[in-house]
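The lines below spell out each chain.
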Amino acid sequence: MPTLEAVHAERRTAEVVDPDARRVLVAPVTVTPTKPLTPSHLKGLLWTDVLHRATAPLARVTHRSSHSAFDACEQTVGFWAHLDRVLGDVDYSRMSEDDIGGLYREFRAEDRRPTAADCAPYLEAIEQHGWVHPASARLLRVWREQYRALGLHDPGLTEHQPPGMGLEEAIDLLGGLDLCLDLRRDGGPVYLDATRHGVPLRVVVGADGRPNYLACALRDLLPLAREHDEVVLLHDRELEPDYLLLQRVLSRLGVLVHRVPLGRVPIDGRIASARHGGWRGLGAADLLAGLGDRFSPAELRLGLRLYFIALLGPGAHDSFRHDLLDRALGKARRLLDSAADTGREEALAVLAAHRGRDGAHAHVDPYRLTSGLLARRRGAPPRALLEEVYG
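The structure contained in this document is the topic of the report that follows. (Residues numbered from 1 in each chain as written. Predicted model: local features only at pLDDT ≥ 70, side-chain atom pairs only at ≥ 80, totals over all residues. Heavy atoms only, no water.)

Quick word on the sheet that holds strand 2 (residues 60-63)
Taken in spatial order, the 4 strands make up an open sheet running 2-1-6-7, and their pairing is parallel. The sheet terminates laterally at strand 2 and strand 7 (256-262), the two strands that pair on one side only. Along the sheet, successive strands turn relative to each other by an average axial angle of 20°, direction set aside. Two elements, strand 6 (residues 230-236) and strand 7, share 7 bridges in a ladder whose sense is parallel. Along strand 7, the bridge assignment pairs Val-232 with His-258. On top of the sheet, helix 8 (residues 213-225) reaches strand 1 (23-28) and strand 6; it is set at about 170° to strand 1, its chief contact. (Pairing = 2+ DSSP bridges. Helix = DSSP H or I, 4+ residues; strand = E, 2+ residues; numbered from the N terminus. Axes fitted to C-alpha atoms, helices over the stretch in contact; angles between N-to-C directions. Contact = heavy atoms within 4.5 Å.)

Quick notes on unusual backbone geometry
In the Ramachandran plot, Asp-178 falls in the positive-phi region, its phi being about 60° despite a non-glycine side chain. Looking at the secondary structure, you find Asp-178 in the loop between helix 7 (167-176) and strand 3 (180-182).

Concerning the nonpolar core
Grouped together as the largest cluster of nonpolar side chains are 115 residues, with contacts concentrated most on Leu-233, Leu-246, Leu-250, Phe-308, Leu-351 and Leu-369. Here this core gets 10 residues from one element, more than from any other, and that element is helix 8. If sequence neighbours within four positions are ignored, Leu-250 has contacts with Leu-221, Leu-222, Ala-225, Val-231, Leu-233, Val-255 and Val-257. (Core = buried A, V, L, I, M, F, W, Y, C linked by side-chain atoms within 4.5 Å. Buried < 20%, exposed > 50% of the residue type's maximum accessible area, 1.4 Å probe, protein only.)

Notes on the packing of aromatic side chains
This structure, assessed with the given rule, holds 10 aromatic pairs. Measuring from centroid to centroid gives 6.1 Å for Tyr-104 and Phe-107, while their planes differ by 45°, and the two rings are tilted. Placement of both Tyr-104 and Phe-107 in helix 4 (residues 97-109) is noted, with a separation of 3 residues, approximately one turn of the helix. Summarising the burial analysis for this pair, Tyr-104 and Phe-107 share the class buried. Seen from their ring centres, Tyr-307 and Phe-320 are 5.7 Å apart, and the 85° between their planes marks the pair as edge-to-face. One end of the pair, Tyr-307, is in helix 11 (residues 297-311); the other, Phe-320, is in the loop between helix 11 and helix 12 (322-338), with 13 residues separating them in the sequence. The residues Tyr-307 and Phe-320 share a single accessibility class, namely buried. Here the basic side chain of Arg-113 rests over the ring of Phe-107, its NZ or CZ set 4.7 Å away from the ring centre. (Phe/Tyr/Trp six-rings, centres within 6.5 Å; stacked < 30°, edge-to-face > 60°. Lys NZ or Arg CZ within 6 Å of the ring centre and 35° of its normal.)

Remarks on the environment of Pro-134
The topology assignment puts Pro-134 in helix 6 (residues 134-150). Along the primary structure Pro-134 and Asp-91 are separated by 43 residues, whereas in three dimensions their C-alpha atoms are 8.1 Å apart.

A short note on a nonpolar patch on the surface
Taken together, the side chains of Val-86, Leu-87 and Val-90 define a hydrophobic patch exposed on the protein surface, amounting to about 200 Å² of accessible area. Its place among the elements puts Val-90 in the loop between helix 3 (74-86) and helix 4. (Patch = residues over 30% accessible without salt bridge, like charges linked within 9 Å, V, L, I, M, F, W, Y side chains within 5 Å. Areas by Shrake-Rupley, 256 points an atom, 1.4 Å probe, with all protein chains shown as cover. Salt bridge = Lys/Arg side-chain N within 4 Å of Asp/Glu carboxyl O.)

Focus on the side chain of His-82
Assignment of secondary structure puts His-82 in helix 3. Not counting residues up to four positions away in its chain, the partners in contact with His-82 are Leu-103, Phe-107 and Glu-110.

Overview of the packing of helix 3 against helix 5 (residues 116-129)
Where helix 3 meets helix 5, the closest approach of the two axes is 9 Å, and the angle between their N-to-C directions is 115°. For the crossing formed where helix 3 meets helix 5, the hand is right-handed. Side by side, helix 3 and helix 5 meet where Val-77, Gly-78, Trp-80, Ala-81 and Asp-84 of the first sit next to Asp-118, Cys-119, Tyr-122, Leu-123 and Ile-126 of the second. For the contact of helix 3 with helix 5, a count of residues per class yields 7 nonpolar, 1 polar and 2 charged. (Left-handed = near helix turned anticlockwise from the far one by under 90°. Nonpolar A, V, L, I, M, F, W, Y, C, P; charged D, E, K, R; others polar.)

A short note on the sheet that holds strand 5 (residues 202-205)
Judged by pairing direction, the sheet is antiparallel, and its 3 strands sit side by side in the order 3-4-5 without closing on themselves. With partners counted over all chains shown, the strands left at the sheet margins are strand 3 and strand 5, one partner each. Across the sheet, the axes of successive neighbouring strands diverge by a mean angle of 30°, strand direction being ignored. Sheet topology places strand 4 (residues 190-192) next to strand 5; 3 bridges connect them, and they run antiparallel. Counterpart to Tyr-191 in the pairing with strand 5 is Val-203.

Things to note about the packing of helix 13 (residues 344-352) against helix 15 (residues 383-390)
One way to put it is that helix 13 packs onto helix 15 with a least axis distance of 7 Å and a crossing angle of 65°. By crossing handedness, the relation of helix 13 to helix 15 is classed as right-handed. Between helix 13 and helix 15, the contacting residues are Arg-344, Ala-347, Val-350 and Leu-351 on the first element and Ala-384, Leu-385, Glu-388 and Val-389 on the second. Looking at side-chain class alone, the contact of helix 13 with helix 15 contains 6 nonpolar, no polar and 2 charged residues.

Let's talk about the side chain of Asp-220
Structurally, Asp-220 is set in helix 8. With a relative accessible area of 3%, Asp-220 lands in the buried category. Among residues more than four places away in sequence, those in contact with Asp-220 are Arg-64, Ala-69, Phe-70 and Pro-163.

In structure tokens:
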């Protein structure tokens, strides 16, 4: 039996009136299953979700966020090798998110880095069998439940979704686009070469044969981009150089590519990678547990989106604040109580008005749409809009 979420997704797709509607690929940076979902992760996930759900009634949307495509990255496969070397065969199903996240911190703090030989059997298991380490499998199952509570579209967290292109095929395609410098015959790496555009060379495959995050993204997105009219890349600002390159490569395929760079959420004025920890008490599980008994599911879902999208904005200026989150949740309650019971056409008109100037973009801008809900002079929002995009 299909899930309620699947039924809603199918209904939204069926309600796209224009059979010639533009095809939009929404491709956020993928969170590696190695630690709990932090406020910075939640910000990216909620922005992506609103962009996807707001665009779906107006275009044919594909939401691509596959951990399978990125498990080969060193930060994931290296973590797996570290776990098996240090802990051996243990039962991860009994571990919490924080337990596994603590092990990831230890891995990142270790001086010894996994070698190509250490990672080779894991890479083979990933490529040949879609294997996932039990520690990451445990996190993905936990995340799936958190996605449900947060009202997030699940792009297939626990499914095997391999990239549609092999590494050699991707390198060959880059070569055909005159964007590749392959030095493997001389024992060197493979570079993404956009120097003619004033961009430095960027390694995508190391001299030891291991692909990095950018290589994984190219394998995943090159075949998908060619099937769409517009690609929207959501990513951390810290990854901007790589995503500028990715935008340039995908644009060479004749696709309109937009980037949505997002700043991380500071904690007590400090921005730190999740590899350093600092998430205790602020992860998705903590927020859901602390707020779920005071707010309804609809209030919680709308309030979190108001906070992480409209109040924090795309930058990284404001630290996480529980008081402002509470205010956003209170505003969500008032919006839901006063929502206008107008027809769905009014909701579609609101969405269409936030697709860029003169509808130049196929996708809806989640920041403009969500911050508009807080405008004092605006009338009550259509209930259909709150239910379909924020519910």
